[in-house]
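Listed below, chain by chain, are the residues.
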Amino acid sequence: MNTKDTIPFLDLATMHIELEQELTEVFKRALRTASFIGGPMVEEFERAFAEFCGTKYCVGVGSGTDALRFALMAAGVKSGDVVITVPNTFIATTEAISQAGAEPRFVDIDERTYNMDPAKVREYLENCCTVDDRLGVVIDNKSGRPVTAIVPVHLYGQMADMDSLMGLAEQYKLVVIEDACQAHGAQYFSKKENHWRTAGSMGRAAAFSFYPGKNLGACGEAGAVTTNEEALAQKSRMLRDHGQTKKYYHALEGYNGRLDAIQAGILQAKLKYLPQWTEMRRSAASRYRDLISAIGNDKVISSCEPEWSRCVYHLFVVRVENRDELIKQLASTGIGTGIHYPIPLHLQNAYAGLGYKKGDFPIAEKAAAEILSLPMYPHLRGDQQSGVVRELTKFVATEGPSLMEPKIA
Ligand SMILES: *Cc1c(COP(=O)(O)O)cnc(C)c1O
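Here the structure is a predicted model, which is why all the values come from computation and not from measurement.

S.K.: Just checking my understanding: could you explain the domain arrangement of the protein chain for this structure?
M.R.: One frequent convention defines the size of an interface as the accessible area lost when the parts assemble. Its domain assignment divides the protein chain into domain 1 (13–271) and domain 2 (274–397). Facing the 49 residues of domain 1 at the interface are 36 residues of domain 2. Between domain 1 and domain 2 lies a buried interface of about 3800 Å² when both sides are counted; carbon and sulfur atoms form 62% of it. Scanning the region where domain 1 abuts domain 2 turns up 0 salt bridges. Scanning the region where domain 1 abuts domain 2 turns up 20 residue pairs in polar contact (both at pLDDT 80 or more). Residue assignment for the side of domain 1 that touches domain 2 shows that the elements contributing at least two residues are helix 1 (13–18), helix 5 (92–99), strand 3 (103–106), strand 8 (187–190) and helix 9 (261–271). Considered class by class, the residues forming the side of domain 1 that touches domain 2 number 23 nonpolar, 13 polar and 13 charged.

In structure tokens:
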């Protein structure tokens with residue numbers, strides 16, 4: 001492969017060039033009305049995105065991190081609480097928990113989907129907590145603090161096993177806030193309800209990010225809270241705007257976390273194309289799967305999409321031993337890749353104070369050492385994918401069996 005055939009990890013330019021005229025119109029409309037913060041463009045987008053998610057309310061905010069923080073606070077998570085989440089996520093998940101005044105408590109993940117393992121949540125609640133029947137709360141034994149919420153992360157565009165998590169939340173009276181920042185339009189088949197549910201519609205509330213590289217991305221920073229609860233939506237609206245009920249009447253201290261009108265207009269324009277882009281991502285994913293299974297050994301493992309899931313493939317992640325060597329080889333042939341994420345949160349310096357150590361979450365740790373995100377975006381072409389898998393094939397062939405763990409028959 002020569003240099004003109006480089007395959008970037010992410011191509012954000014092509015889709016924006018296609019939509020240039022439409023997006024420029026948004027900017028012109030904003031200039032002509034001089035309505036830059038709030039106003040009709042924000043409200044129109046909020047209505048459209050709520051409809052897309054199948055929720056009653058959507059509150060546009062400044063980022064996915066704002067959305068998570070506001071959703072947690074609006075749902076009643078407060079200072080001194082413990083909130084359960086996973087170690088293999090972007091740090092914004094736990095930043096929001098800490099910023100709401102709570103402490104993150106990690107549980108390990110499912111090896112096949114990389115999402116929160118409900119069995120591990122149950123294990124934690126049963127073995128590391130005490131239910132205080134008198135107060136009706138669950139207390140974390142180690143810290144003596146009340147456990148009040150679960151934040152499942154719909155990682156890589158695939159929803160966590162929500163039926164099981166919602167069941168546990170109900171049993172232990174915990175709030176569920178979905179981190180749907182990578183999962184715009186992802187679906188989950190709820191056996192309990194016998195129908196498909198969209199990401200962002202299952203928990204008390206959910207957080208979305210519209211960071212440019214997300215499946216629905218702004219041309220800057222943006223995010224949203226979705227919920228079916230009027231009071232929760234109202235509280236989120238106050239939190240994003242300095243705790244105001246009306247101008248200069250502050251019921252509480254809030255934040256500057258509003259969605260600006262130009263971003264809302266851009267998101268509204270792009271939302272129309274999202275179902276089509278999702279289909280393109282899903283076809284690309286299935287093409288990768290076919291190409292990878294044709295390698296004919298199990299040295300490259302694609303992530304699993306259970307029958308109850310419609311993944312929107314924010315990322316296409318494979319697992320391979322000697323991952324770092326592979327990255328170098330791919331880079332030398334002009335193929336961009338990523339690692340999401342190389343260091344699990346419980347081992348980050350920022351969380352040294354939480355007292356976790358290596359070995360606490362073996363599945364997340366093993367995954368972090370082996371996962372690799374291949375190029376994935378709607379406009380990724382089939383010949384580019386073949387090029388990527390050709391290099392993968394070469395790599396596992398030259399690696400030979402000696403570098404792999406000998407397989408015991
Ligand atoms: C992107 C992302 C966030 C944060 O979103 P921002 O808009 O960057 O604040 C939170 N959680 C996950 C899983 C994300 O991927």
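S.K.: When you look at the packing of helix 4 (residues 64–74) against helix 5 in this model, what are you seeing that I'm missing?
M.R.: For any two helices packed against each other, one specifies the crossing angle of their axes together with the interaxial distance. Where helix 4 contacts helix 5, the two axes come as close as 8 Å, and the packing angle between them is 40°. The pairing of helix 4 with helix 5 is recorded here as oblique in orientation. The chirality of how helix 4 crosses helix 5 is right-handed. Here helix 4 contributes T65, L68, R69 and L72 to the contact with helix 5, which in turn contributes A92, T93, E95, A96, I97 and Q99. Grouping the amino acids of the contact of helix 4 with helix 5 by side-chain chemistry returns 5 nonpolar, 3 polar and 2 charged.

S.K.: Quick question: what am I supposed to make of the sheet that holds strand 16 (residues 316–319) here?
M.R.: As a general point, the strands of a sheet are linked pairwise by backbone hydrogen bonds and lie either parallel or antiparallel. Here we have 3 strands laid out as an open sheet, ordered 14-16-17, and antiparallel in their pairing. The open sheet has two edge strands, strand 14 (301–302) and strand 17 (371–374), and neither has a second partner. Sheet topology note: the strand 16/strand 17 ladder contains 4 bridges and is antiparallel. Paired with V317 across the two strands is S373, which belongs to strand 17.

S.K.: Could you clarify how one ought to interpret the pairing of strand 7 (residues 175–179) in this entry?
M.R.: Looking along a regular strand, one sees side chains alternate from face to face of the sheet. Across the 5 residues of strand 7, 5 count as buried, placing the element largely inside the fold. The alternating pattern of strand 7 places V175, I177 and D179 and V176 and E178 on opposite faces, both of which are buried. Two elements, strand 6 (residues 146–150) and strand 7, share 2 bridges in a ladder whose sense is parallel. Across the sheet, the residue bridging to I150 is V176, located in strand 7. Bridging between strand 7 and strand 10 (residues 205–209) involves 3 bridges; their strand directions are parallel. Bridging across to strand 10, E178 finds its partner in A206.

About the thresholds
Residues numbered from 1 in each chain as written. Predicted model: local features only at pLDDT ≥ 70, side-chain atom pairs only at ≥ 80, totals over all residues. Heavy atoms only, no water. Domains from an automatic or database assignment. Contact = heavy atoms within 4.5 Å. Buried area = accessible area lost by both parts, 1.4 Å probe. Salt bridge = Lys/Arg side-chain N within 4 Å of Asp/Glu carboxyl O. Polar contact = N/O pair within 3.5 Å; in protein donor to acceptor, adjacent residues only side chain to side chain. Helix = DSSP H or I, 4+ residues; strand = E, 2+ residues; numbered from the N terminus. Nonpolar A, V, L, I, M, F, W, Y, C, P; charged D, E, K, R; others polar. Axes fitted to C-alpha atoms, helices over the stretch in contact; angles between N-to-C directions. Parallel < 35°, antiparallel > 145°, perpendicular 65-115°, else oblique. Left-handed = near helix turned anticlockwise from the far one by under 90°. Pairing = 2+ DSSP bridges. Buried < 20%, exposed > 50% of the residue type's maximum accessible area, 1.4 Å probe, protein only.

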